[in-house]
Amino acid sequence: MIEQQIKAAIRDIPDFPKPGIIFKDITPILKDPQLCLDVVDAFVEQLKGIKIDAVAGIESRGFLFGLTLATKLGVPFVPVRKAGKLPFTIKQKAYKLEYGTAVIELHTDAFEPGQHILIHDDLLATGGTALAASELIKEMGGEVAGFSFVVGLGFLNGKERLQPISENLIVLADY
């Protein structure tokens, strides 16, 4: 049910951000407050029985549902940001993209060692950013509780990259 609702709301944007790409735009979901609540409730339902001490949302669209999900679960929200965006002491992780490299950061006091962190983002494509976030969390002493995504592009094999880290992998709408 939730998959059909999400797919009905998402719009395809051809040739964005570059020619040949069909961008899955989730912003129409944000115009429907009830659908937003339903998305978070679907995550909460599928996360039952999984120990989660915090939700780490990946910049920037991972913040959209990540904070609400953390609040609904009664746990802290941890922003995973691009380099240079966090004001306190940070730890960084560089990772490769198809066209170069990127760097993500976490505050060094974002969570305690041994805590179980759910990594959340809006979309799972190749899994590179989520993989880098999981590596950074592990380097800081955290445990990866799982991954959650609103949308997945299954043909890009991101699930296969992330499943060795945690089998707790939720994608609400898969393409």
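Rules used in this analysis
Residues numbered from 1 in each chain as written. Predicted model: local features only at pLDDT ≥ 70, side-chain atom pairs only at ≥ 80, totals over all residues. Heavy atoms only, no water. Helix = DSSP H or I, 4+ residues; strand = E, 2+ residues; numbered from the N terminus. Rg over C-alpha atoms; globule rule 2.2 N^0.38 Å. Pairing = 2+ DSSP bridges. Axes fitted to C-alpha atoms, helices over the stretch in contact; angles between N-to-C directions. Parallel < 35°, antiparallel > 145°, perpendicular 65-115°, else oblique. Left-handed = near helix turned anticlockwise from the far one by under 90°. Contact = heavy atoms within 4.5 Å. Buried < 20%, exposed > 50% of the residue type's maximum accessible area, 1.4 Å probe, protein only. Arc of directions from axis to C-beta. Core = buried A, V, L, I, M, F, W, Y, C linked by side-chain atoms within 4.5 Å. Expected span 1.5 Å × (residues − 1). Polar contact = N/O pair within 3.5 Å; in protein donor to acceptor, adjacent residues only side chain to side chain.

Enquirer: Any chance you could explain the overall build of the protein here in plain terms?
Expert: Per the secondary structure count, the protein includes five helices and nine strands. Listed by position from the N terminus, the elements making up the protein come as α-β-β-α-β-α-β-β-β-β-α-β-α-β. The C-alpha atoms of the protein give a radius of gyration of 15 Å, which matches the 16 Å a tight globule of 175 residues would have. Considering only C-alpha atoms, the protein reaches an extent of 40 × 35 × 30 Å along its principal axes.

Enquirer: What is the right way to read unusual backbone geometry from this model?
Expert: A negative phi holds for most residues other than glycine; trans holds for most peptide bonds. Geometrically, the link from Phe-16 to Pro-17 is a cis peptide bond, its omega value of 5° lying close to zero. Checked against the element boundaries, Pro-17 lands in the loop between strand S1 (11–14) and strand S2 (22–25). Residue Ser-60 is reached from Glu-59 by a cis peptide bond, and omega for that bond is -10°. Its place among the elements puts Ser-60 in the loop between strand S3 (54–58) and helix H3 (62–73). Here the phi dihedral of Asp-15 falls at roughly 60°; this positive angle occurs in a residue that is not glycine.

Enquirer: How should I be thinking about the pairing of strand S5 (residues 90–97) in this particular structure?
Expert: On any regular strand, side chains alternate: one points to one face of the sheet, the next to the other face. Relative to strand S6 (residues 100–107), S5 runs antiparallel, the two sharing eight bridges. The residue of S6 that forms the bridge with Lys-96 is Thr-101.

Enquirer: How should I be thinking about the packing of helix H2 (residues 33–46) against H3 in this particular structure?
Expert: How two helices pack is summed up by the angle between their axes together with the distance between the axes. At a minimum axis separation of 10 Å, H2 and H3 run at an interaxial angle of 55°. When the axis of H2 is compared with that of H3, the two are oblique. Handedness of the crossing formed by H2 with H3: right-handed. Residue-level contacts link Cys-36, Val-39, Val-40, Asp-41, Phe-43 and Val-44 of H2 to Phe-65, Thr-68, Leu-69, Lys-72 and Leu-73 of H3.

Enquirer: Explain helix H1 (residues 2–9) here, please?
Expert: Each turn of an α-helix holds 3.6 residues, which means side chains three or four residues apart point in the same direction. What H1 keeps buried is the set Ile-2, Ile-6 and Ala-9. Around the axis of H1, the buried residues are gathered within 65° of arc, so they sit on the same side. Seen from the open side of H1, the exposed residues pointing more than 90 degrees away from its buried face are Gln-4 and Ala-8. Check the buried side of H1 and you find it contacts S1, H2, strand S8 (143–152) and strand S9 (169–174).

Enquirer: Explain the nonpolar core here, please?
Expert: For soluble globular proteins, the rule of thumb is that nonpolar side chains tend to be buried together. Ile-6, Ile-29 and Val-39 are the most contacted members of the largest nonpolar core, which has 27 residues in total. If one sorts the elements of this core by residue count, H2 sits on top with seven residues.

Enquirer: Looking at this structure, how should I read H2?
Expert: With 14 residues, H2 extends 20 Å from end C-alpha to end C-alpha; this agrees with the ideal 20 Å at 1.5 Å per step. When H2 is considered as a whole, its buried residues turn out to be Leu-35, Cys-36, Val-39, Val-40, Ala-42, Phe-43 and Val-44. Where H2 is buried, its residues meet H1, H3, strand S7 (116–124), S8 and S9. Two to three positions downstream of the cap, the backbone nitrogen of Gln-34 sits 3.2 Å from a side-chain oxygen, assigning the N-cap of H2 to Asp-32.

All we've got here are geometric facts, nothing functional implied.
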